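This is what each chain is made of:
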Amino acid sequence: MSAMDLADQTTSVTRPLAQRPPAESVVARFVRYAAIDTQSAEDVATVPSTPTQWDLARLLVDELHALGAQEVWLSDTCVVYASIPANIDDAAAVPVIGLIAHMDTAPAVSGANVNVIIHSDYQGSDIVLPRDPTQVISVAANPVLKDMVGDDIITADGTTLLGSDDKAGIAEILTMVDVLRQNAQIPHGTIAIAFTPDEEPGSGIEMFDVERFAASLAYTVDGEGLGSIYNESWHARMATVTFTGRNTHPGAAKGILVNSVFALADYVSRLPRDMLPETTDGRDGFVHPARGTIEVAESVLVIGLRDFETGGLDAQERGLRDIASETRERFPDVGIAIKVEESYRNIQEVLKDHPRLVDNAVEATRRAGLTPTVEAMRGGTDGAHLTFHGLPTVDLFTGGHNFHSKQEFNSRRGLEKTTEMLIHLVQIVAGGADGRASD
Ligand SMILES: [Zn+2]
């Protein structure tokens, strides 16, 4: 916490705050991590999907040691684990809180040579990114900017993403550790920390060792604007539609060749336009024809199905099969097969039995002088996997916006306030002073 940040507190803060600032500011820490390329890749069999993720992992191992963390361990699938020992007498009676962030950045946008720009004392205008002036973070598209006048906005230069998703989460967690180290008077139980690879392709969390992590409740610090707490994720399925044709030499193909590409195109053209990611928001689900391959003999289309209710997914699945029947009628010589697999489930199924997780986060957010909003995340995170593997996990804000894009941004206040919320959260879970017990 800087002196400025302490002065920034509202009256809703009921506890004495950290007296000493961290050895390194959360902004400086974040800028260091953002400079390291950790872009992950889809459809790679190895974990991590890109070797560069090891660079950040090894750095974090060193920094955790330097910050006094115990049991620091880098697994052979590039998960960094560490533990911060409790500083209270009855630590065994207090739940171990897990804090998790991911090291990789999205496969879709370059994360190499990220050039972080700090727009000091932002005055409320559109932000034109210098290396590509077509990249404009406009107030119209980002109304949150209206509340950020006077803050220092943090962006990339227009050629890459920023990587606030999720290096902000890493910087915030480690700055919290730094502050706890400087301020032994802040009571906390044992804190389990993990930094994971390949959150974006979704493969990194598969090898997460929940038992070794040994937390009884956890938070991913991987959400968006200040105050957002996510207690729901999608129910998600993946449909693979395979179109089988017949190939032959095109010079002698008359009456023989059956081109599956046309059937795929017909199928795509029949998908309802009002059920796509680009045409839905709020609690409405979508179907997302995300990728595929086209060849005469076989074309494959991969479609993501998303809804907050399983009934909604069932309806989407029926719709996709109905469309297959229509395409089959038009292309009777093409074989069409649909395979649907579950990707992940809505964390609310489990979290509804652990209301304290959200309550703690709401209280910590209030104590940081912010307004908490509990919302459904139009996505899934590592937390969904953990929640269904015995570790109930809620996702918390990072202060970041416009994830997976060159217009991604965060701010000094975003990073500092999230850190402050985490410092309150560990105290609340420890039940110290006016803290509350937790499940
Ligand atoms: Zn993320």
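The rules behind these values
For every chain, the first residue of its written sequence is number 1, and the numbers climb from 1 along that sequence. Reporting of local features is limited, given that this is a predicted model, to residues whose pLDDT is at least 70; pairs of side-chain atoms are given and counted only at 80 or more, and all residues count toward the totals for whole chains, interfaces and linings. Side-chain metrics rest on all non-hydrogen atoms present in the structure, leaving aside hydrogens and water. Only DSSP runs of H or I reaching four residues or more are called helices, and only runs of E reaching two or more are called strands; each is numbered from the N terminus. Here the globule rule is a power law, 2.2 Å times the number of residues to the power 0.38, and the radius of gyration is based on C-alpha atoms. To sort residues, take the accessible area from a 1.4 Å probe on protein chains only and compare it with the maximum for the residue type: under 20% means buried, over 50% means exposed, and anything in between is partly exposed. Residue contacts follow a heavy-atom distance rule, with two residues in contact if any of their heavy atoms lie within 4.5 Å. In these tables, accessible area is a Shrake-Rupley quantity obtained with a 1.4 Å probe, and a residue counts as shielded only by the protein chains included in the view. Neither His nor the chain termini are counted; the positive set is Lys and Arg, and the negative set is Asp and Glu. Where a charge lies is defined by one atom per residue type: Lys uses NZ, Arg uses CZ, Asp uses CG and Glu uses CD. At least two DSSP bridges between two strands are needed for those strands to be called paired. Here, nonpolar core means buried Ala, Val, Leu, Ile, Met, Phe, Trp, Tyr and Cys residues that are tied together by side-chain atoms lying within 4.5 Å of each other. A carboxyl oxygen of Asp or Glu within 4 Å of a side-chain nitrogen of Lys or Arg is what we treat as a salt bridge. For helices, the fitted line uses only the C-alpha atoms of the stretch in contact; every axis is such a line through C-alpha atoms, and the angle between N-to-C directions lies from 0 to 180 degrees. Water is not among the atoms examined, so metal sites may look incomplete; donors are the N, O and S atoms within 2.8 Å of the metal, or within 3.2 Å for Na, K and Ca. Every geometry call rests on angle ranges, with four donors termed tetrahedral when all angles are between 85 and 135 degrees, four termed square planar and six termed octahedral when opposite donors are over 155 degrees apart and all others are between 65 and 115, and everything else termed irregular. For classification, angles of less than 35 degrees are called roughly parallel, those exceeding 145 degrees roughly antiparallel, those between 65 and 115 degrees roughly perpendicular, and all remaining angles oblique. Each crossing gets its handedness from the near helix: less than a right angle anticlockwise from the far helix is left-handed, clockwise is right-handed. As a working rule, the residues Ala, Val, Leu, Ile, Met, Phe, Trp, Tyr, Cys and Pro are called nonpolar, Asp, Glu, Lys and Arg charged, and the rest polar, with Gly in that last group.

When you go through the protein chain residue by residue, the secondary structure sums to 11 helices and 17 strands. Its C-alpha atoms give the protein chain a radius of gyration of 24 Å, near enough to 22 Å, the size a compact globule of 439 residues would have. Oriented by its inertia axes, the alpha-carbon framework of the protein chain measures out at about 80 × 50 × 35 Å. Residues counted as buried form 55% of the 439 residues belonging to the protein chain. In the protein chain, once contacts between residues fewer than 6 apart in sequence are set aside, the share between residues at least 24 apart is 79%. Here the protein chain displays about 18100 Å² of accessible surface, and carbon together with sulfur accounts for 51% of that area. Put simply, the protein chain has 34 plus and 63 minus side-chain charges, and the middle of one group is 3 Å from the middle of the other.

Moving on, we come to the pairing of strand E11 (residues 235–244). Taken across its 10 residues, E11 has seven buried, putting it largely inside the fold. As paired strands, E11 and strand E13 (residues 298–307) are joined by 10 bridges and run antiparallel to one another. The residue bridging Thr244 from the neighbouring strand is Glu298, located in E13.

The next subject is the nonpolar core. Counting 66 residues, the largest nonpolar core has Leu99, Phe195 and Tyr219 as its most contacted members. If you look at the next biggest cluster of nonpolar residues, it comprises 21 residues, including Ala239, Leu264, Leu313 and Val334.

This next bit is on the side chain of Asp166. As for its position among the elements, Asp166 is in helix H4 (residues 164–182). It is Lys167 that comes nearest to the buried, bridge-free Asp166 among opposite-charge side chains, at 10 Å. Excluding its chain neighbours within four sequence positions, the residues that come into contact with Asp166 are Ala101, His102, Asp104, Val221, Asp222 and Thr398.

Attention now moves to the sheet that holds strand E17 (residues 409–411). Judged by pairing direction, the sheet is antiparallel, and its three strands sit side by side in the order E4-E7-E17 without closing on themselves. At either margin of the open sheet sits one strand with a lone partner, and together these are strand E4 (117–119) and E17. Direction aside, the axes of adjacent strands within the sheet are offset by 30° on average. Judged from the three bridges that link them, E4 and strand E7 (residues 153–155) form a sheet pairing that is antiparallel. Its bridge partner being in E7, His119 is matched across the sheet by Ile153.

Its place among the elements puts Ala101 in strand E3 (residues 97–102). Residue class for Ala101 comes out buried when judged on its relative accessible area of 2%. As for Ala101 and Leu67, which are separated by 34 residues in sequence, their C-alpha atoms are 17 Å apart. The residues contacting Ala101, other than those within four sequence positions of it, are Asp166, Gly169, Ile170, Ile173, Ala194, Phe195, Thr196 and Val221.

Those protein atoms acting as donors to the zinc ion are His102 (NE2), Asp165 (OD), Asp222 (OD) and Asp222 (OD), and they sit at 1.8 to 2.8 Å. One can describe the donor arrangement at the zinc ion as irregular, given that its four donor atoms subtend angles of 52 to 146° at the metal. All donors to the zinc ion come from one chain, and their sequence spacing reads H-x62-D-x56-D. Pair noted here: His102 is in strand E3 and Asp165 is in helix H4, with a separation of 63 residues, a long-range link. Judged on exposure class, the residue His102 and its partner Asp165 are both buried.

Another aspect to go through is the packing of helix H6 (residues 260–270) against helix H7 (residues 310–330). Packed helices, taken two at a time, are described by the angle between their axes plus the distance between the axes. Interaxial distance between H6 and H7 falls to 9 Å at its minimum, and their mutual angle equals 135°. With respect to their mutual orientation, H6 and H7 come out oblique. Seen along the crossing, H6 lies across H7 with a hand that is right-handed. Side by side, H6 and H7 meet where Ala263, Asp266, Tyr267 and Arg270 of the first sit next to Leu320, Ile323, Ala324, Glu326, Thr327 and Arg330 of the second. Broken down by class, the residue content of the contact of H6 with H7 amounts to five nonpolar, one polar and four charged.

Backbone torsion omega between Val47 and Pro48 reads 0°, so that peptide bond is classified as cis. Looking at where Pro48 falls in the secondary structure, it is placed in the loop between helix H2 (26–34) and helix H3 (53–66). Notably, Ala214 is not glycine yet its phi reads approximately 55°, a positive angle. Tracing the backbone shows Ala214 in the loop between helix H5 (210–213) and strand E9 (217–221).

The side chains of a regular strand alternate, first on one face of the sheet and then on the other. For strand E12 (residues 286–293) and E13, the ladder comprises seven bridges, and the chain directions are antiparallel. Across the sheet, the residue bridging to His288 is Gly304, located in E13. Here E12 folds back onto E13 in antiparallel fashion, the turn holding four residues.

The strand order across the open sheet built from eight strands is E1-E2-E8-E3-E9-E16-E10-E15, with neighbouring strands paired in mixed fashion. This sheet does not close on itself; its edge strands, each paired only once, are strand E1 (70–74) and strand E15 (373–376). Between one strand and the next, the sheet's axes are offset by a mean angle of 25°, whatever the strand orientation. Alignment of E1 against strand E2 (residues 80–84), held across three bridges, turns out to be antiparallel. Note that in E2 the partner of Gln70 across the bridge is Ser83. In this fold H3 packs onto E1, E2 and strand E8 (191–196), with an angle of close to 170° to the strand it touches most, E1. Strand contacts of helix H11 (residues 412–430): E3, E8, E9 and strand E16 (393–396), with the helix running at about 155° to E3, the strand carrying the most contacts.

Our next topic: the environment of Val429. Mapped onto the elements, Val429 comes out in helix H11. Separated by 333 residues in sequence, Val429 and Val96 have C-alpha atoms that sit 8.4 Å apart.

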